[in-house]
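Spelled out, the chains give:
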Amino acid sequence: EPQDKYDDIYFDSDDETDGKESKKEKQKFKTNDELLYDPNMDDEDQQWMDDLRRTYQSPGSSSGMKNKKKDGLKPLPNSDAVLNCPACFVVVCLDCQRHEIYKTQYRAMFVMNCSVVTDEVMKVPVKTKSKKNKNKNKVVTHPADEFHPVRCDQCKTEIAMYDKDEIYHFFN
């Protein structure tokens, strides 16, 4: 026989109630609607996220072609993280790869809620072995190591660098 009320032990407290009716009303099982709970919500949210991630997967990609699902959709590649802006927490990347050595660095090809600042160029200094002291303060950069800063669209915080190969590098 299905129960429609909780056991009394769930409501065992020292608080006095106004009467037996309010106590019985408290003990009545609540429906999912009353609890503002949708048991299918997690599955629906996962499907929405998978659909969004599929929109930027290349159709001719060979990854996962051998393991097609029953419905004909390729399985999505695993992402190492979902990245958010460190200042305002807006989502900026759903698919990324973690750096093998520097565990707080990620790289990605597809981003959202951020913009590349193309009129600014940043260069990475190259270590040089200088035998003369006068060249010690000179900073040498490799011409191929030019990056553009990437800023969060929401709060304008600099969150990544964009390289010539169209890869986003998230450092923080």
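Scroll up to find the structure.
Small disclaimer: the values here were computed from a predicted structure and weren't measured.

Participant: Quick one: what's the story with the side chain of Asp-95, residue by residue and with numbers?
Facilitator: Position of Asp-95 among the secondary structure elements: in the loop between β2 (91–93) and β3 (97–98). Within the structure, the side chain of Asp-95 is placed 2.4 Å from the side chain of Arg-53, a separation counted as a polar contact.

Participant: Please set out a negative patch on the surface residue by residue, giving values where relevant.
Facilitator: Together, Asp-33, Glu-34, Asp-38, Asp-42, Asp-43, Glu-44 and Asp-45 make up a negatively charged patch on the protein surface. In this fold, Glu-44 is placed in helix α2 (residues 41–54).

Participant: Describe the pairing of strand β8 (residues 158–162), listing the residues and the values that go with them.
Facilitator: In terms of residue burial, β8 counts as a mostly covered element, since 4 of its 5 residues are buried. Judged from the 3 bridges that link them, β8 and strand β9 (residues 168–170) form a sheet pairing that is antiparallel. Opposite Met-161, over in β9, you have His-169 as the bridge partner. Hairpin connection between β8 and β9: a loop of 5 residues separates the two successive antiparallel strands, and Glu-166 in this loop has a positive phi of roughly 65°.

Participant: I'd like to hear about the environment of Leu-73, residue by residue, with values.
Facilitator: Turning to its location among the elements, Leu-73 is positioned in the loop between α2 and β1 (83–84). Each C-alpha atom of the pair Leu-73 and Arg-54 lies 9.2 Å from the other, and the pair is 19 residues apart in sequence.

Participant: Quick one: what's the story with the side chain of Arg-53, residue by residue and with numbers?
Facilitator: Along the chain, the position of Arg-53 falls in helix α2. Under the relative-accessibility criterion, Arg-53 is labelled buried at 11%.

Participant: Account for the nonpolar core, with residues named and values stated.
Facilitator: In this structure, Leu-83, Val-92, Cys-93, Cys-96, Val-150, Ile-159 and Phe-170 are the most contacted members of the largest nonpolar core, which totals 17 residues. With 3 residues, the single largest contributor to this core is β8. Beyond its immediate chain neighbours, meaning those up to four positions away, Val-92 contacts Leu-83, Asn-84, Cys-85, Val-111, Met-112, Asn-113, Ile-159 and Phe-170.

What counts and what doesn't
Counting starts from 1 at the beginning of each chain's written sequence and moves along it residue by residue. Selection of residues for local features in this predicted model requires a pLDDT of at least 70, selection of side-chain atom pairs for listing and counting requires 80 or more, and totals for whole chains, interfaces and linings are taken over all residues. The side-chain numbers reported here are obtained from all heavy atoms of the structure, hydrogens and water having been left aside. Helix and strand labels come from DSSP, where a helix needs a run of H or I of at least four residues and a strand needs a run of E of at least two; each type is numbered from the N terminus. Any pair of N or O atoms that falls within 3.5 Å is considered a polar contact. Within protein, one atom must be able to donate a hydrogen and the other to accept it, and sequence-neighbouring residues count only if both atoms are side-chain atoms. Only residues whose relative accessible area exceeds 30% and that form no salt bridge enter a patch; like-charged residues are grouped when within 9 Å of one another, and nonpolar side chains (Val, Leu, Ile, Met, Phe, Trp, Tyr) when within 5 Å. Only the protein chains shown count as cover for residues, and all accessible areas are computed by the Shrake-Rupley method using a 1.4 Å probe. Whenever Lys or Arg places a side-chain nitrogen within 4 Å of a carboxyl oxygen from Asp or Glu, that contact is recorded as a salt bridge. For the purpose of charge, His is not counted, nor are the chain termini; Lys and Arg are scored as positive and Asp and Glu as negative. Working definition for charges: the position is that of NZ of Lys, CZ of Arg, CG of Asp or CD of Glu. Relative accessibility thresholds used throughout: buried, under 20% of the residue-type maximum; exposed, over 50%; partly exposed, between the two (1.4 Å probe, protein chains only). In short, DSSP must find at least two bridges between two strands for them to pair. For our purposes a nonpolar core is just a set of buried Ala, Val, Leu, Ile, Met, Phe, Trp, Tyr and Cys residues, chained together by side-chain atoms within 4.5 Å. Contacts are assigned to residue pairs that have any heavy atoms within 4.5 Å of one another.

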